[in-house]
Amino acid sequence: MEIWQQTFAQKIGQVKPGDKWTLKEDYNLQSNDLDPGWKQFLQHHAFARFQCSQCWHSWHSAQVHILFHMHLDRKQRRGRVRVRLFRQECKRCLVPQLEPPEFSQEDVEKVLDNLMLKIRGKCYREPINPNDLSKIVVEDQTTGPHESARCEACRLGICYLKNEAQEPANTFFRPASLFPPIIPAHQEGSEEETGSSCDWWRCCFFTCCLVILLAVIIFVLVYFLTR
Ligand SMILES: [Zn+2]
Ligand SMILES: [Zn+2]
């Protein structure tokens, strides 16, 4: 959390040098459950690394969700930000724990640059061009679908909420757990897990074969029964 607080202090100091802002982590933050005067910003598709605290297996995900609630007291010139970093579970452990994401300095900066724009727009009512919100571009090659069952945000339905930072792309949003990525994985959120994409296709192939076989059996039965 320190990296977030330091970078936030540095950025808000440049944007609003006269006002005092603080950022705190809050694991109980709920989407769209806002106290009066508070504003929300939901960042999807952030890129982070996770490590299991039980078996030390590590993985990357490009579908990490971050929820921010922010409030400005205009008279006191004090602002507060609460942040919740959604966690993911290890897929190798039978009884996994939710593990917190670990971000690089570069990715923290990208997310906080978007937050600065949101603070200026929502708290200071400055005109903001939504196109200025940066897309979190993932440079690492990641393959395989996003495992919604192991994602804390997916369980809470956060994945399906409006993605403010990537509005045009979100029009075509589909749950990655149900469909394999069509566009290169580094453009859309996915998890790096060798072989998982291959497994998906194998599973899909067998399901298709089974459906065709069933259709043939039903057809033959109907054909002979109606003669
Ligand atoms: Zn594990
Ligand atoms: Zn998710």
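The rules behind the values
All residue numbers refer to positions counted from 1 along the written sequence of the respective chain. Going through the entries in the order they are written, you letter the chains from A and number the ligands from 1. Local features in this predicted model are restricted to residues of pLDDT 70 or higher, and side-chain atom pairs are both shown and tallied only at a pLDDT of 80 or more, whereas totals for entire chains, interfaces and linings draw on every residue. Any set of buried Ala, Val, Leu, Ile, Met, Phe, Trp, Tyr and Cys residues joined through C-beta atoms within 7 Å is what this text calls a nonpolar core. With C-beta atoms placed from the backbone, a residue is buried if 20 or more other C-beta atoms are within 10 Å of its own, exposed if 12 or fewer are, and partly exposed between those counts. Starting at the N terminus, helices and strands are each numbered in turn, a helix being any DSSP run of H or I of at least four residues and a strand any DSSP run of E of at least two. We call two residues in contact when the distance between their C-beta atoms, placed using the backbone, is within 7 Å. Helix span is expected to be 1.5 Å times the residue number reduced by one.

A. Molecular detail of the nonpolar core. The biggest cluster of nonpolar side chains holds 34 residues, and the ones touching the most others in it are Ile66, Phe68 and Val83. Of all the elements in the fold, those that place two or more residues in this core are helix H1 (2–15), strand S1 (20–25), strand S2 (39–51), strand S3 (58–73), strand S4 (78–85), helix H2 (105–123) and helix H3 (152–155). If you tally residues by element for this core, the top one is S3, at eight residues. If near-sequence neighbours (up to four positions away) are discounted, Ile66 is found in contact with Gln43, Ala46, Val83, Leu85 and Val111.

B. The arrangement of the environment of Trp4 in detail. Looking at the secondary structure, you find Trp4 in helix H1. Spatially, the C-alpha atoms of Trp4 and Val83 are 9.6 Å apart, while their sequence positions differ by 79 residues. Excluding its chain neighbours within four sequence positions, the residues that come into contact with Trp4 are Leu23, Val83 and Val108.

C. Representation of H2. Over its 19 residues, H2 extends 25 Å from the first C-alpha to the last, a length consistent with the 27 Å expected when each residue adds 1.5 Å. Burial in H2 covers these residues: Asp107, Lys110, Val111, Leu112, Asn114, Leu115, Leu117, Lys118, Ile119 and Cys123. Among the structural elements, H1, S2, S3 and S4 are those in contact with the buried residues of H2. Just beyond H2, the residue with positive phi is Arg125, at close to 55°.

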